[in-house]
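# Observations on the three-dimensional arrangement
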Amino acid sequence: MDLYGKMAATQDVKGKGEGGDQNFDYMFKLLIIGNSSVGKTSFLFRYADDAFTSAFVSTVGIDFKVKTVYKNDKRIKLQIWDTAGQERYRTITTAYYRGAMGFILMYDITNEESFGAVQDWSTQIKTYSWDNAQVVLAGNKCDMEEERVVSVDSGRLLAEQLGFEFFETSAKDNINVKQTFERLVDLICDKMSESLDTDPAVTTGAPTAKLTDSAPPLQQPGCNC
Amino acid sequence: MSPRTGIFAKLTPPSAINPNDFTRLISNCISFASTRTQEYLVFKDPEGKLQPSPLALTQVTHRSVNLDFTDTFNCTAMTPEQRILLGADWVWAILEKPTKNPKIQIAVQVLHLPEREESRNKNVYQRMVEFCTSIGKDCYALFLFFGKRDDKENIYGVLSNNFAAAFGKCDKIDRALLENFFKGLATKPCLFCQQLSSVKLP
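Report on the accompanying structure. (Residues numbered from 1 in each chain as written. Chains lettered and ligands numbered in written order. Predicted model: local features only at pLDDT ≥ 70, side-chain atom pairs only at ≥ 80, totals over all residues. Heavy atoms only, no water.)

Turning next to the side chain of B:Lys148. Relative to the elements of secondary structure, B:Lys148 occurs in strand S4 (residues 139-148). When neighbours within four sequence positions are excluded, B:Lys148 is seen to be in contact with B:Leu113, B:Tyr156, B:Arg175, B:Glu179 and B:Phe182. (Helix = DSSP H or I, 4+ residues; strand = E, 2+ residues; numbered from the N terminus. Contact = heavy atoms within 4.5 Å.)

What follows is the structure in structure tokens.
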């Protein structure tokens, strides 16, 4: 049995029959990673609470939020882990990579160093996560066009080389935030369906409907600002 | 750099301030915060209407320690989720210039009297020790007791960057184990302030 299918099915069975907040069809564990101050926490705040503050508070260690989304009448509970970007927390943050089904790897389009570190973060994913984890590369702060030092093309090219999807985003102006999460969820659902098709045994206890039946079209990755 | 506002201004006259003496700055502030918290600990509303919750008491302390040195010192309150994950209520940090990366951190966990304590995961002590250990020797764990069974009106603290070694052979860390650090000591409020002063700061 493919590990991906096993995880999805197991989590599905766990979620069933439980009341209140535990009532979901699937649970996806997602991580947001990237250099310090690229906007990971703001990105999550925008998505989960539709809020933004320009005050910078460096994340200590790790934090998380939960958000439930619906896809083809299925409730998908997203457990989104917000990791600290600073090196000193690396031991604790990498411990949470295990079992993650998706990553948002973020850099800041106004910070060359954060873009240069993408390759290293990608290696971290490969080292501490598992092969089927899906990754979306996000170039954040695209509202700050005047301070841009990383072009859209550079971001897109790197994403292609690494085999990741790509968006430019702005937590501040709420650009492509929801789309980034939705695309990551779609990628995970696609992968999950592939696993179920490959090995029907994993469908035991899992819903029969495919989550990919009416996947939305790809979003425009560029920043429309 | 000079302190301008905040409670520190009330503690020490400006002329007596050595900008590099963080130990004194922080200890003074913590001392002030402890005194303020102590007032709540011993306060009894004659009508029995005001009873500060453990969380409120915790917030009195960490919000009182608000040095006006945002580029060299900060205090980060943990979210409810982080309190569960990391075991800390807040984290103080002395920052490195110009990166503003923490140079020394103190993760603080408040322990209330058992009768006041809200239900808390038993592993919360262990979690904070593990969190500090994962960072390294420049991260200290401070367990802050808002009253002890035999002295309900004082605040005690035990601070170390080496709890993992101290508790190495123990199956679990609990309140009783932490209180052992105070055995043989005379009643001394704000003990942790004195311990803090022994921390070598930059």
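What follows picks up the thread again.
For the rest of this paragraph, the subject is the nonpolar core. Counting 56 residues, the largest nonpolar core has A:Phe103, A:Leu105, B:Phe131, B:Phe143 and B:Leu178 as its most contacted members. Ranked by residues supplied to this core, first place goes to helix H5 (residues 124-135) of chain B with seven residues. If we ignore the near neighbours within four places in the chain, the residues touching B:Phe143 are B:Gln109, B:Leu111, B:Tyr125, B:Met128, B:Val129, B:Tyr156, B:Gly157, B:Val158, B:Phe163 and B:Leu178. Core analysis: the second largest hydrophobic core is formed by 27 residues, A:Tyr26, A:Ile32, A:Leu44 and A:Phe167 among them. (Core = buried A, V, L, I, M, F, W, Y, C linked by side-chain atoms within 4.5 Å. Buried < 20%, exposed > 50% of the residue type's maximum accessible area, 1.4 Å probe, protein only.)

Here we come to the packing of aromatic side chains. This structure, assessed with the given rule, holds 14 aromatic pairs over all chains. Pairing A:Tyr97 with A:Tyr128 gives two aromatic rings, centres 6.1 Å apart and planes at 80 degrees, and the pair type is edge-to-face. One end of the pair, A:Tyr97, is in the loop between helix H3 (90-94) and strand S4 (102-108); the other, A:Tyr128, is in helix H5 (residues 118-128), with 31 residues separating them in the sequence. Judged by its relative accessible area of 0%, A:Tyr97 falls in the buried class. For A:Tyr128, a relative accessible area of 40% puts it in the partly exposed group. Grouped by ring-pair contacts, the aromatic residues B:Tyr125, B:Phe143, B:Phe163 and B:Phe181 constitute a single cluster. Residue placement shows A:Lys65 over the ring face of A:Phe45; its charged tip is 4.5 Å from the ring centre. (Phe/Tyr/Trp six-rings, centres within 6.5 Å; stacked < 30°, edge-to-face > 60°. Lys NZ or Arg CZ within 6 Å of the ring centre and 35° of its normal.)

Further remarks concern H5(B). Residues spaced three or four apart along an α-helix point in a common direction, a consequence of the helix completing one turn every 3.6 residues. Residue and element names in this part refer to chain B. Taking 1.5 Å per residue as the helical rise, H5 with its 12 residues ought to reach 16 Å, and the 17 Å between its terminal C-alpha atoms agrees with that figure. When we look at burial in H5, the residues that qualify are Val124, Tyr125, Met128, Val129, Phe131, Cys132, Ser134 and Ile135. Gly136 lies just past H5 and shows a positive phi near 130 degrees. (Expected span 1.5 Å × (residues − 1).)

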